[in-house]
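The lines below spell out each chain.
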Amino acid sequence: MKRSLLLLATAFLLFSSCSSKKNKKQEPVNTNTNVEIVKKDPPSVPKRERVKGTIEKKEQAKEQPVAEKKKDIVVDLPALPREFRAAWVASVANINWPSKNNLSTAEQQQEAIGILDFLKNNNFNAVIFQVRPSADAFYKSDLEPWSYFLTGTEGQAPSPYYDPLEFWVEQAHKRGIELHVWLNPYRAHHTTGGAVTSASMARKMPESVVKLRQGYYWFDPSKQSTQDHAARVVMDIVKRYDIDGVHFDDYFYPYAEYNGGQDFPDSESYNAFKRNGGTLSRGDFRRNSVNTFIERIYKDIKREKNFVKFGISPFGIWKPGFPAGIQGSSQYDMLYADAKLWLNKGWVDYFAPQLYWPIQPARQSYTALLKWWESENTMGRHLWPGINTVGKRSPEYVQEIVNQVAAARSILPDNRDGVIHWSLAGLTKNPAMTQALANGPYRSKALVPTTPWLNANPLLKPTLLLTPQGNNVFLKWQHQQIDQVAKWVLYLNYGGEWQYEILEPGVTTKDVPTALNNKKLQYIAVKAIDRLSNESPYIAEKIK
């Protein structure tokens, strides 16, 4: 019986197995050959071994020496003197440069270098260089012709070719001197400028220019075409040249004697203004035209290059009676220049009224006028008066100019001092004047005052390397922002007394003695100065 049951069970199992194989569906074959790599965690390290490894790493770290950061040397450096010391270099009628309009390129360059060396050696720090005397150019321009005063032929380039403005900028900066381009915005032709040729703007823009009775040609300041063209000229220079400032002089509407004492011939413009609904008087119409242009130029310059300063040197008297007792002509009523408004509005970075009169008598007193202009300087702009250095050669007049520099220092706020000398010839052709300034108020160098309302990228601290060489120390300093460095200041401390030296941007090494007048060299410090005359942090080293 047991055997029968066993056989029956075996048969049942065999049958079930065969039936399962027949009914099972075939699994599809996976033909994907991509391989997924799974990163596996490394075998776990026993807890005790991991702790041991961490301890070993900490012990190794302790064994490695850690470099200590060098501590900055802290010193109390003296404040640097600041004063704008500039001279006008006039090109119109070959007043200052070039001395003639037929000089060779080499002669022109030699004269320019002589002027800049003269200014540097007598501790000036800026030059106002006339590049557009009468709708012409002392630089390569696609807007206006080469100047007659440069080559003797309007529209003719220097030969061998060079760009005078580029040359002046490079040579001025090499000497640590700011270069401001001086333009006359409205004069289209000067009577000493040769014949009016087809190259002249008087011929190229006849609808914008009027001829005056004395032979001058003048752009009509009220015409939009005049304003647009002059603005293009200014901005062309600002964009293409590494200048420090743009400067306009006192010529807006011309002095009456330029037109034989007659009124400016702008009836066409004024009548068109009235036909279009204008209600301003003729005087206000003219002043508004100039005001609009001045504001435009200031804002255009700042949009393009914020660091380029804009300055104007208007006639020194706003109106007779301002201040009380002042007599003379009125820039407001005769030149239609409301320069007080420009100063009040802050449409300039520096204002240089031409105060070409002595301190006494009172009717046109230099000091009375300078105090009045400073009282109108509500925006705190630079006020650097123009002074008439070229006036006379007597010892009394030399002393007058020295006194005027001193008066400006007394009247103007601290660290905002400055004057502009009219003109270069009053210095180069009068050795007594130059000597009085060089031995007196200009006996040491000064930085140009800062212009805090103009933004500047802060300069980093320079680096300073010292190499002892017997009784001297060789100094070498460097800067990460070398293209932004306009000057250096080197400080030396002998026996507890500081002395400083303002150096050109190309000077980055110097040998200094370890003792001076029996006093030991104790400290050395260096600062970098940017083009707006801002100072970097100093680097100092103690001499052991």
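Starting from 1, residues in each chain are numbered consecutively following that chain's sequence as written. Totals for whole chains, interfaces and linings use all residues, but because this is a predicted model, local features are given only for residues with pLDDT of at least 70 and pairs of side-chain atoms are given and counted only at 80 or more. The side-chain numbers reported here are obtained from all heavy atoms of the structure, hydrogens and water having been left aside.

## Considering the pairing of strand E15 (residues 487–494)
Here is step 1: Most of E15 sits inside the fold, with 8 of its 8 residues counted as buried.
Here is step 2: Under the scheme applied here, a residue whose accessible area is under 20% of the maximum for its type counts as buried, over 50% as exposed, and between as partly exposed, the area being computed with a 1.4 Å probe on protein chains only. In this text, helices come from DSSP runs of H or I with a minimum length of four residues, and strands from runs of E with a minimum of two, each type numbered from the N-terminal end. Burial of the side chains of E15 extends over both faces: Lys-487, Val-489, Tyr-491 and Asn-493 are buried on one face and Trp-488, Leu-490, Leu-492 and Tyr-494 on the other.
Here is step 3: Bridge count between E15 and strand E19 (residues 519–529): 8 bridges; the pairing is antiparallel. Looking at the pairing, Val-489 lines up with Lys-527 of E19.
Here is step 4: Paired strands, as defined in this entry, are two strands with at least two bridges between them according to DSSP. Summarising the sheet, E15 and strand E16 (residues 497–503) pair through 7 bridges and their orientation is antiparallel. Bridge assignment links Asn-493 to a residue of E16, and that residue is Trp-498.
Here is step 5: Two successive antiparallel strands, E15 and E16, enclose a turn made up of 2 residues, where Gly-495 displays a positive phi of approximately 60 degrees.

## Observations concerning the packing of aromatic side chains
Here is step 1: Aromatic contacts are taken between Phe, Tyr and Trp rings whose centres are within 6.5 Å, Trp giving its six-membered ring; a plane angle under 30 degrees counts as stacked, one over 60 as edge-to-face, and the others as tilted. One pass over the full model with this rule turns up 40 aromatic pairs.
Here is step 2: Relative to Phe-129, the ring of Trp-97 has its centre 5.7 Å away and its plane inclined at 65 degrees; by these criteria the two rings are edge-to-face. Of this pair, Trp-97 sits in the loop between strand E1 (83–89) and helix H3 (105–121) while Phe-129 sits in strand E2 (residues 126–132), placing them 32 residues apart in sequence. When sorted by exposure, Trp-97 lands in the same class as Phe-129, which is buried.
Here is step 3: Judged by centre distance (4.8 Å) and plane angle (35 degrees), the ring pair of Phe-273 and Phe-285 falls under tilted.

## Some thoughts on the environment of Lys-487
Here is step 1: Position of Lys-487 among the secondary structure elements: in strand E15.
Here is step 2: Through-space distance from the C-alpha of Lys-487 to that of Gly-506 is 8.3 Å; in sequence the pair is 19 residues apart.
Here is step 3: Not counting chain neighbours up to four residues away, the residues in contact with Lys-487 comprise Gly-176, Leu-447, Ile-502, Leu-503, Pro-505, Lys-527, Ala-528 and Ile-529.
Here is step 4: Engagement of the side chain of Lys-487 in a polar contact is seen with the backbone oxygen of Gly-176, the distance being 3.1 Å. Between two residues, a contact is recorded if the distance between any of their heavy atoms is within 4.5 Å. Whenever two N or O atoms come within 3.5 Å, that pair is a polar contact, provided that in protein one can donate a hydrogen and the other can accept it, and provided that, for residues adjacent in sequence, both atoms are side-chain atoms.

## Comments concerning the sheet that holds strand E6 (residues 217–219)
Here is step 1: Taken in spatial order, the 3 strands of this open sheet run E4-E6-E5, and their pairing is antiparallel. With partners counted over all chains shown, the strands left at the sheet margins are strand E4 (187–189) and strand E5 (209–211), one partner each. Looking at each pair of strands side by side, their axes are set apart by 30 degrees on average, direction ignored.
Here is step 2: Two strands pair when backbone bridges link them, and E4 and E6 are joined in this way by 2 bridges, in the antiparallel orientation. By the bridge assignment, Arg-187 is partnered in E6 with Trp-218. Each axis is a line fitted through C-alpha atoms, taken for helices only over the stretch in contact, and angles between the N-to-C directions span 0 to 180 degrees.

## Details of the environment of Ala-90
Here is step 1: Relative to the assigned elements, Ala-90 resides in the loop between E1 and H3.
Here is step 2: Note: C-alpha distance between Ala-90 and Ile-128 (38 residues apart in sequence) is 8.3 Å.
Here is step 3: Among all residues touching Ala-90, those that are not within four sequence positions of it are Ile-95, Asn-96, Trp-97, Gln-130, Trp-182 and Trp-422.

## Digging into unusual backbone geometry
Here is step 1: Omega for the peptide link from Ser-159 to Pro-160 comes to -5 degrees, which places this bond in the cis form.
Here is step 2: Within the secondary structure layout, Pro-160 lies in the loop between helix H4 (148–151) and helix H5 (164–174).
Here is step 3: Geometrically, the link from Phe-322 to Pro-323 is a cis peptide bond, its omega value of -5 degrees lying close to zero.
Here is step 4: Examined against the element boundaries, Pro-323 turns out to sit in the loop between strand E8 (309–312) and helix H10 (331–335).
Here is step 5: Its identity as a non-glycine residue notwithstanding, Tyr-336 has a phi of 55 degrees, on the positive side.
Here is step 6: Locating Tyr-336 in the fold gives a position in the loop between H10 and helix H11 (339–345).

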